[in-house]
Amino acid sequence: IFIYFVVASTNRKFKGGSSSTPPVNNTPSVHRIDEYNNIDPNFNAEKFRDKVSNLYVQFQHAWQKKDLSPLRPYLTDTYYAQMDNQLNAYRCNHQTNIIDRIAVLKTDLISWKQEGGLDIMTVRLETRIVDYVIDDNTGTLVRGNKSAEKFMTYEWTLVRTTGVVTSRSSGTTGQTCPYCGAKVNINQSAVCDYCQSVLTTDSFDWAVSNIKAISQRTRY
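Residues numbered from 1 in each chain as written. Predicted model: local features only at pLDDT ≥ 70, side-chain atom pairs only at ≥ 80, totals over all residues. Heavy atoms only, no water.

Draft legend 1. Summary view of the overall build of the protein chain. Looking only at helices and strands, one finds 2 helices and 7 strands in the protein chain. Helices and strands appear in the protein chain in the N-to-C order α-α-β-β-β-β-β-β-β. The 220 residues of the protein chain split such that 41% are buried. Once local pairs closer than 6 in sequence are excluded, the contacts in the protein chain between residues at least 24 apart make up 70%. (Helix = DSSP H or I, 4+ residues; strand = E, 2+ residues; numbered from the N terminus. Buried < 20%, exposed > 50% of the residue type's maximum accessible area, 1.4 Å probe, protein only. Contact = heavy atoms within 4.5 Å.)

Draft legend 2. Here's a closer look at the packing of aromatic side chains. Counting across every chain of the model gives 9 aromatic pairs. Centroid distance Y36 to F43: 5.0 Å. Interplanar angle 75°. Geometry classified as edge-to-face. There is no split in this pair, since Y36 and F43 are both buried. Measuring from centroid to centroid gives 6.0 Å for Y56 and Y154, while their planes differ by 45°, and the two rings are tilted. With Y56 in helix α1 (residues 45-65) and Y154 in strand β4 (residues 149-161), this pair connects stretches of sequence that are 98 residues apart. When sorted by exposure, Y56 lands in the same class as Y154, which is buried. Put simply, the rings of Y36, F43, F48, W112 and W206 touch in pairs and so form one group of aromatic residues. (Phe/Tyr/Trp six-rings, centres within 6.5 Å; stacked < 30°, edge-to-face > 60°.)

Draft legend 3. Seen up close, the confidence of the model for the protein chain. On average, the protein chain scores 81 in pLDDT, and the residues at 70 or more come to 71%. Long-range and interchain partners of residues 1-25, a stretch whose pLDDT sits below 50, account for 51 contacts in this model, where long-range means more than four residues apart. Per-residue pLDDT stays below 50 along residues 169-174; that stretch engages in 8 contacts with residues further than four places along the chain or on separate chains. (pLDDT = per-residue confidence, 0-100.)

Draft legend 4. Quick peek at the side chain of E155. By the secondary structure assignment, E155 is in strand β4. A polar contact is formed between the side chain of E155 and the side chain of R124, at a distance of 3.5 Å. Dropping the residues within four chain positions of it, E155 is found in contact with T122, V123, R124, N210, I211, K212 and I214. (Polar contact = N/O pair within 3.5 Å; in protein donor to acceptor, adjacent residues only side chain to side chain.)

Draft legend 5. Region of the structure containing helix α2 (residues 77-93). Its 17 residues give α2 an end-to-end C-alpha distance of 25 Å, which sits within 8% of 24 Å, the value for a rise of 1.5 Å per residue. Restricting attention to buried positions, one finds in α2 the residues Y79, Y80, M83, L87 and Y90. Just downstream of α2 lies H94, where phi reads positive at about 55°. (Expected span 1.5 Å × (residues − 1).)

Dropping the structure here:
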């Protein structure tokens, strides 16, 4: 499945000074989740866990359909390009990665920090899937096992522009396109209806910037 192989890190690395000068520690401070309400009083950890769990399931369905466009608003530009590039290999080979028995077993918010003008949230998911690859033309099994269950643990990184806070509204929220100023519905479309600019939610809400596989266990 696509996210097994994405190991890109959002953390910047800094070089230290010379032997005569102690290196400057520019690593951002990592905070506990309960401290996030100090900067965003409306942040709800339970709703955030539900949001990530739902996104995980949507990812699997979009990956099997070989069409990530419905998820475009919820991914950063860089991560969307990485995912779509991996998915293109299936398109070119006329293969489909089937994902069955999808389940999110546990979702934990681990920590958060601020860096580069972004709030960065780290989430750990424990999941179960059955995944295998078939040939689109013949339906024959290319690789994988149709009955083996994979228990995966992932570390998700989500980012949001620093200073943005959670809306009190539980419904769909209208936003303004940063390119043309038109009113847009970021929850319904990844493209502005007026200027056709691609929109992502990291300016308004959380967007996935990285997914890293931590562990895998297979049960036959």
